[in-house]
Amino acid sequence: MSLKDKFESMEYGPAPEDSAQAIAWLDAHGRKFGHFIGGEWHAVGKSSLFATYSPSDEQELARIAQGSAKDVDAAVKAARKAQPAWQKLGGHGRARYLYAIARQIQKHSRVVAVLESLDNGKSIRETRDLDTQLAARHFYHHAGWAQLADSELAGYVPHGVVGQIIPWNFPFLMLSWKIAPALAAGNTVVLKPAEFTSLSALWFADMLEQIGLPPGVVNIVTGDGRTGAALVEHRDVDKLAFTGSTEVGKIIRRSVAGSSKALTLELGGKSPYIVFEDADLDSAVEGLVDAIWFNQGQVCCAGSRLLVQESIEQAMIEKIKARMSKLRIGPSLDKCIDMSALVDASQRDTIERLVAQGKAEGATIWQPEIAMPEKGIFYPPTLITDAGSANVCMREEIFGPVLTVISFRTQAEGAQLANNTRYGLAASVWTENINRALEIAPKLKAGVVWINGTNFFDAAVGFGGYRESGFGREGGIEGLQAYLKPAFEAKLPPQKPVPLPKPKHDVLSDAIDRTAKMYVGGKQARADGGSSYPVYSAKGGLAGHAALGNRKDIRNAVEAADAASGWGASTAHLRAQIIYYLAENLEERRGEFVARLVELTGAAKATTAKEFDLSISRLFSAAAWADKYDGRVHQPPMRGVALAMNEPVGILGISCPDWQPLLSLVSLVAPAIAMGNRVVALPSEHLSLVATDLYQVIETSDVPAGVINIVTGKRQELAEVLAAHDNVDGIWHFGDADSCRAIETLATDNMKRSWLSNGRHYDFADPALGEGEHVLRRATEVKNIWIPYGDQLGGGKGY
Amino acid sequence: MNDVTPHRLRNSGIQFDPALVDAQRINMSAVERRATSLGGRRTVKKEWQVAWMLRAISMIDLTTLQGDDTPGRVRRLCAKALNPLDPAIKAALGIADMPLTVGAVCVYHSMVEAAVEALRGSQVPVAAVSTGFPAGLAPMETRLQEIRASVAAGAREIDIVVTRNLVLNQRWGELYEEVQAFCEAAGSARLKAIIAVGELGSLTNVARASMVAMMAGADFIKTSTGMESSNATLPVSLVMMRQIREFQRLTGQKVAFKPAGGIRTAKDAVAYLIMVKEELGDEWLNSDMFRFGASGLLNDLERQIEFHATGRYSASYRHAMA
């Protein structure tokens with residue numbers, strides 16, 4: 001093609017990024033990599049190596065060690081050995097290392113970007129402009145957190161040794177999201193990269209050697225799912241952090257159930273991309289390129305469901321098709337493309353299977369007629385219409401460049417469709433109406449909401465999901481806190497055996513028979529099964545009967561809580577007033593409750609009086625916090641703000657311990673409702689009359705029906721029903737390790753947020769434990785709402 | 001000289017439709033993101049880059065709009081317009097026989113005659129800025145008279161300015177009538193409507209003014225006079241290109257685009273052409289449908305092209321002065 005031809009055609013021509021430096025780095029390692037453990041590269045035998053490929057041309061890049069349980073054990077031991085000194089190094093000492101890492105990433109960003117693009121198949125534009133930039137930013141930001149840790153995070157301690165398993169879609173970025181906060185908080189790390197994409201993690205290890213990070217602080221063990229399983233199952237790991245599929249996340253969660261390993265999971269999504277008729281449609285179409293054709297759609301928060309207002313549906317689809325016809329697909333190192341290769345042929349198979357299934361279910365598949373590379377693992381950008389809400393392509397995470405469209409009529413219907421999913425990771429909202437934007441954002445069940453944009457990320461702004469998209473956040477203080485625990489948690493004693501009263505006689509006193517029922521939907525309700533069980537005093541006398549709840553009572557209680565959804569949207573001032581009123585009305589009945597506590601627990605009156613007074617104080621604390629546990633306003637590096645809002649978890653099941661029956665119930669339920677949650681509480685079986693005595697207090701305190709529900713009976717049995725209920729969003733349970741394991745396993749299916757004592761004793765009289773931010777955090781989800789702004793032409797400068 | 005402009009290059013306009021004006025919504029942050037990220041998504045290298053820079057030369061409205069313009073100065077500019085690239089460089093690139101001129105020469109009315117004379121026998125048209133350029137606040141009759149006079153003097157393109165007041169006060173019907181009157185006065189000359197983006201305050205106003213000018217029959221929409229404090233930018237151009245695209249979707253008519261002011265480097269020029277290719281398509285990548293309003297741009301294009309021809313970084317003084 002002559003210059004004149006080029007002048008005539010005005011085509012782009014090839015624009016390959018130079019890969020020489022990255023290839024030289026691979027060659028310098030003999031294209032063979034062992035694990036990085038205790039600051040050293042471990043030699044590997046031939047038998048345990050696997051190949052890693054460049055999906056864009058299917059060439060082998062290097063051979064990598066398959067980590068065994070023994071390798072994982074060596075890495076965990078190295079991390080354990082290094083941890084005390086790393087923690088003791090102090091905030092400033094750790095900050096210096098994190099800063100050095102950030103600088104190294106910036107200085108060598110080109111080689112990392114190329115390596116990542118080769119290994120993953122994603123475009124060099126993305127690895128250069130996004131992955132590496134955000135990774136460096138993450139280490140800078142967390143160097144800052146390390147520096148401030150000693151003063152700002154007093155009262156919290158690191159978990160110790162953290163096991164981290166990261167996915168293949170953003171290998172280097174996910175590494176930084178995991179390692180930076182872990183190290184800042186004083187943990188040491190064993191990280192397993194995904195087997196398709198280990199190279200940037202190995203480059204990272206190489207770099208750590210150069211900055212002299214103390215041996216064992218970061219250990220990298222490569223391998224496939226078996227290596228990951230060994231890390232998950234290792235007994236000496238204190239915390240696990242996983243990013244990946246919901247399916248694997250559930251396996252991990254069940255596997256650690258009953259242990260006291262802390263866990264955060266960042267899982268899949270089917271995120272809605274909502275376009276209203278008053279949006280800038282061309283910009284919304286362009287946003288889709290960043291939403292679903294970013295990283296070939298292999299993005300957990302990809303905007304894969306397009307919800308478009310019916311009045312503009314056809315115009316929008318026409319514009320999308322026109323835009324798709326302009327997408328350029330090519331080798332990952334080409335600087336003139338929008339999309340490149342999928343990570344692996346198996347991923348392409350999955351996408352093909354789901355799209356075929358969607359078609360079989362009646363959807364219309366459209367793909368633009370654009371040039372596709374002849375070799376390598378590619379899948380064309382795909383638009384799916386006529387799908388309806390039940391189609392597999394509308395419901396399942398495809399993890400590919402496939403957009404499924406559905407229309408809605410009104411804002412309310414748009415939000416309902418958006419929330420019509422098991423997932424809850426992210427959402428985009430396009431409208432030029434600020435009232436609409438700010439009204440709908442809190443209604444969306446998603447950890448991240450982008451207004452007039454998509455896929456914004458920043459180290460200062462938390463990222464993570466609701467529902468089956470997992471729990472825990474990455475980025476921001478909320479992300480850092482996932483790598484810390486309250487200091488008291490490190491010292492919790494084992495749960496003491498609870499002495500059960502020995503019944504002596506079954507005859508009630510001569511007072512009028514008082515029948516304790518359930519408390520459901522603001523009313524006292526008889527047990528569905530029509531049965532009661534005896535409750536004995538500590539001395540063995542019959543104290544009374546309590547209703548024997550069953551699964552239907554739980555069902556009814558959850559229905560009642562569901563109907564009380566207005567509570568979360570009521571004002572914090574109102575919630576505070578009601579909780580103060582509860583305290584006022586409870587105080588009126590001090591004598592009665594103190595006597596009841598003496599009767600049931602057998603404790604001295606002075607002790608129970610103290611429990612009562614503390615309970616009143618807890619109510620005051622919860623009321624006090626109701627209008628003070630505010631969110632934050634982040635200022636990420638853009639013209640805009642991100643509002644970090646503390647939202648209620650939703651419906652919480654609270655299964656109270658078999659001690660401190662009034663204090664524990666109040667310490668758990670009061671902050672839960674203060675934050676706007678609705679509660680189904682299960683009192684201790686043999687102390688349940690303390691809870692049933694509260695009914696009248698609740699009734700006289702203006703607590704709206706359904707906000708607090710109490711079901712008595714066999715607590716473990718009832719707690720398991722709650723844990724398995726898909727409309728319950730969180731469960732708190734205090735019991736021995738076996739009982740907690742059962743709860744956690746059941747809670748996994750719909751990814752409830754859980755707080756489990758795992759056989760440890762919580763003394764609710766301890767003020768550090770019995771109230772405060774750590775409880776409020778468990779009662780809330782952080783939602784980050786990104787709001788870019790600006791309208792003054794010229795960037796608003798100079799006025 | 002007053003050749004009839006081919007029909008395909010004319011926009012017959014449509015009836016004024018206020019609903020279409022109101023429907024335009026622009027999100028500035030999103031527009032800026034697209035404008036910024038496009039540079040990372042598209043690039044041209046090596047000989048393709050040379051081809052694109054040559055194309056950029058062919059799209060320049062080589063301009064002088066100074067109070068001290070003289071016929072002699074204008075003749076020099078026209079000479080450069082006819083031979084914008086050193087023949088030795090063309091030879092080195094193997095395109096010695098490729099005809100290459102700029103898109104037009106753009107002057108004030110009083111210099112039209114000199115320019116027409118200097119360009120006689122070539123295909124390069126003379127464009128006249130008009131209607132009380134740059135503020136456009138002369139009496140309407142004076143403005144119309146200026147258009148007619150320039151056309152009579154041989155200008156084949158007329159760059160008019162809109163009354164910003166009509167935009168800022170959302171008086172779209174009157175804006176429509178104004179531009180329509182200008183189009184009528186221009187007769188067979190192609191009309192470029194300058195909306196003066198730097199004085200409109202918001203991208204929404206830019207979009208709406210663009211749409212009204214096209215409804216009224218403007219053949220080109222143009223960003224700026226070059227005299228405002230801010231002129232052509234990629235975000236502003238993106239908004240205007242998308243309006244052109246929308247107008248074509250609605251009417252089937254293709255309106256040309258001219259960013260002006262502030263485009264000084266070859267790199268900038270290529271970025272604009274990439275945006276044109278992506279947002280409007282190849283049909284706009286020629287001097288009929290796209291122009292750069294620029295005076296300094298040509299020199300940088302010459303220097304960058306020379307670098308590709310010789311491998312040596314060039315200096316301004318080595319290229320014939322415009």
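None of these values were measured; they are calculated from a predicted model.

I would appreciate a short explanation of the overall build of chain B in the present structure.
Check the secondary structure of chain B and you find 13 helices and eight strands. In terms of overall size, chain B behaves like a compact globule, its C-alpha atoms giving a radius of gyration of 19 Å where 322 residues would be expected to give roughly 20 Å. Projected onto the principal axes, the alpha-carbon positions of chain B cover approximately 55 × 45 × 35 Å. For chain B, buried positions account for 57% of its 322 residues. By sequence separation, contacts in chain B at least 24 residues apart represent 76% of the contacts at least 6 residues apart.

Whenever I open this one, the packing of helix α3 (residues 46-58) of chain B against helix α12 (residues 266-279) of chain B confuses me. Can you help?
Geometrically, a packed helix pair is captured by the angle between its two axes and the distance between the axes. Residue and element names in this part refer to chain B. One can describe the packing of α3 onto α12 by two numbers: an axis separation of 10 Å at closest approach and a directional angle of 90 degrees. The orientation of α3 with respect to α12, classified from their angle, is roughly perpendicular. Taken together, the residues of α12 that come into contact with α3 (itself represented by Gln49, Trp52, Met53, Arg55 and Ala56) are Ala266, Ala269, Val270 and Leu273. Its residues assigned to classes, the contact of α3 with α12 comprises seven nonpolar, one polar and one charged.

Would you explain helix α9 (residues 225-233) of chain A in this entry?
Since the α-helix advances by 3.6 residues per turn, residues separated by three or four positions end up pointing in the same direction. Among the residues making up α9 of chain A, those that are buried are Thr227, Gly228, Ala230, Leu231 and Val232 of chain A. Each element contacted by the buried residues of α9 of chain A is listed here: α3 (69-88), β7 (161-165), β8 (188-192), β10 (239-243) and α10 (246-256) of chain A.

I would appreciate a short explanation of the packing of helix α2 (residues 28-41) of chain B against helix α11 (residues 234-251) of chain B in the present structure.
All names here are of chain B. One can describe the packing of α2 onto α11 by two numbers: an axis separation of 9 Å at closest approach and a directional angle of 105 degrees. The angle between α2 and α11 places the two elements in the roughly perpendicular class. Packed against α2, whose contacting residues are Val31, Glu32, Arg34 and Ala35, the element α11 presents Leu234, Pro235, Leu238 and Val239 at the interface. In terms of residue class, the contact of α2 with α11 is built from six nonpolar, no polar and two charged.

So what exactly am I meant to see when it comes to the sheet that holds strand β25 (residues 542-547) of chain A here?
Strand pairing in a sheet relies on backbone hydrogen bonds, with the paired strands running either antiparallel or parallel. Residue and element names in this part refer to chain A. In space, the three strands of this open sheet follow the order β21-β25-β24, with mixed pairing throughout. Bordering the open sheet on either side are β21 (515-516) and β24 (532-536), each of which pairs with just one other strand. The pairing of β24 with β25 spans five bridges and is classified as antiparallel. Its bridge partner being in β25, Pro534 is matched across the sheet by His545.

Got a minute to help me understand the interface of chain A and chain B in this structure?
For interface size, the figure often reported is the accessible area lost on association. Each partner contributes to the interface: chain A provides 34 residues, whereas chain B provides 36 residues. Broken down by secondary-structure element, the contributors of at least two residues to the side of chain A that touches chain B are α1 (3-9), α6 (124-152) and α11 (281-291) of chain A. When grouped by side-chain class, the residues that make up the side of chain A that touches chain B number 10 nonpolar, nine polar and 15 charged.

Honestly, helix α21 (residues 590-601) of chain A in this entry has me stumped. Any pointers?
Residue and element names in this part refer to chain A. In this model α21 runs 16 Å from its N-terminal to its C-terminal C-alpha over 12 residues, within 8% of the 16 Å that 1.5 Å per residue would give. Residues of α21 that are buried: Phe593, Val594, Arg596, Leu597, Glu599, Leu600 and Thr601. Along its buried surface, α21 packs onto β25, α22 (605-626), α23 (661-674) and α24 (688-692).

I'm lost on unusual backbone geometry in this one. Help?
Glycine aside, residues mostly have negative phi angles, and peptide bonds mostly take the trans form. Residue and element names in this part refer to chain B. Note that the residue after Phe133, namely Pro134, is joined by a cis bond; omega there is 0 degrees. One can find Pro134 in the loop between β3 (126-129) and α7 (140-152). Even without a glycine there, the phi angle at Thr131 is positive, about 55 degrees. Of the residues examined, Thr131 has 32 C-beta atoms within 10 Å and is grouped as buried.

Sorry, what's going on with the nonpolar core here?
Among the nonpolar cores identified, the biggest contains 286 residues, and Val105 and Ala115 of chain B are the most heavily contacted of them. The residues contacting Val105 of chain B, other than those within four sequence positions of it, are Leu62, Leu77, Cys78, Ala81, Ala115, Leu119, Val124, Val126 and Ala127 of chain B. Ranked by size, the runner-up nonpolar core spans 85 residues in total, among them Ala561, Leu597, Phe612 and Phe734 of chain A.

Explanation requested: the sheet that holds strand β1 (residues 32-33) of chain A in the structure shown.
Residues and elements named next belong to chain A. Pairing is mixed in the open sheet, where three strands are placed in the order β1-β5-β4. Because the sheet does not close on itself, it has two edges, and the strands there are β1 and β4 (49-54). With two bridges joining them, β1 and strand β5 (residues 59-65) adopt parallel strand pairing. Across the sheet, residue Phe33 finds its bridge partner in β5, namely Ile64.

Looking at this model, I keep getting lost on the confidence of the model for chain B. Mind explaining?
Detailed reading of predicted coordinates is not advised where the pLDDT is low. Residue-level pLDDT values for chain B average 96, and 98% of them are 70 or greater. Among the scores for the predicted complex, ipTM is 0.96 and pTM is 0.97.

What counts, and where the lines are drawn
- Residues numbered from 1 in each chain as written.
- Chains lettered and ligands numbered in written order.
- Predicted model: local features only at pLDDT ≥ 70, side-chain atom pairs only at ≥ 80, totals over all residues.
- Helix = DSSP H or I, 4+ residues; strand = E, 2+ residues; numbered from the N terminus.
- Rg over C-alpha atoms; globule rule 2.2 N^0.38 Å.
- Buried ≥ 20, exposed ≤ 12 C-beta atoms within 10 Å, placed from the backbone.
- Contact = placed C-beta atoms within 7 Å.
- Axes fitted to C-alpha atoms, helices over the stretch in contact; angles between N-to-C directions.
- Parallel < 35°, antiparallel > 145°, perpendicular 65-115°, else oblique.
- Nonpolar A, V, L, I, M, F, W, Y, C, P; charged D, E, K, R; others polar.
- Pairing = 2+ DSSP bridges.
- Expected span 1.5 Å × (residues − 1).
- Core = buried A, V, L, I, M, F, W, Y, C linked by C-beta atoms within 7 Å.
- pLDDT = per-residue confidence, 0-100.

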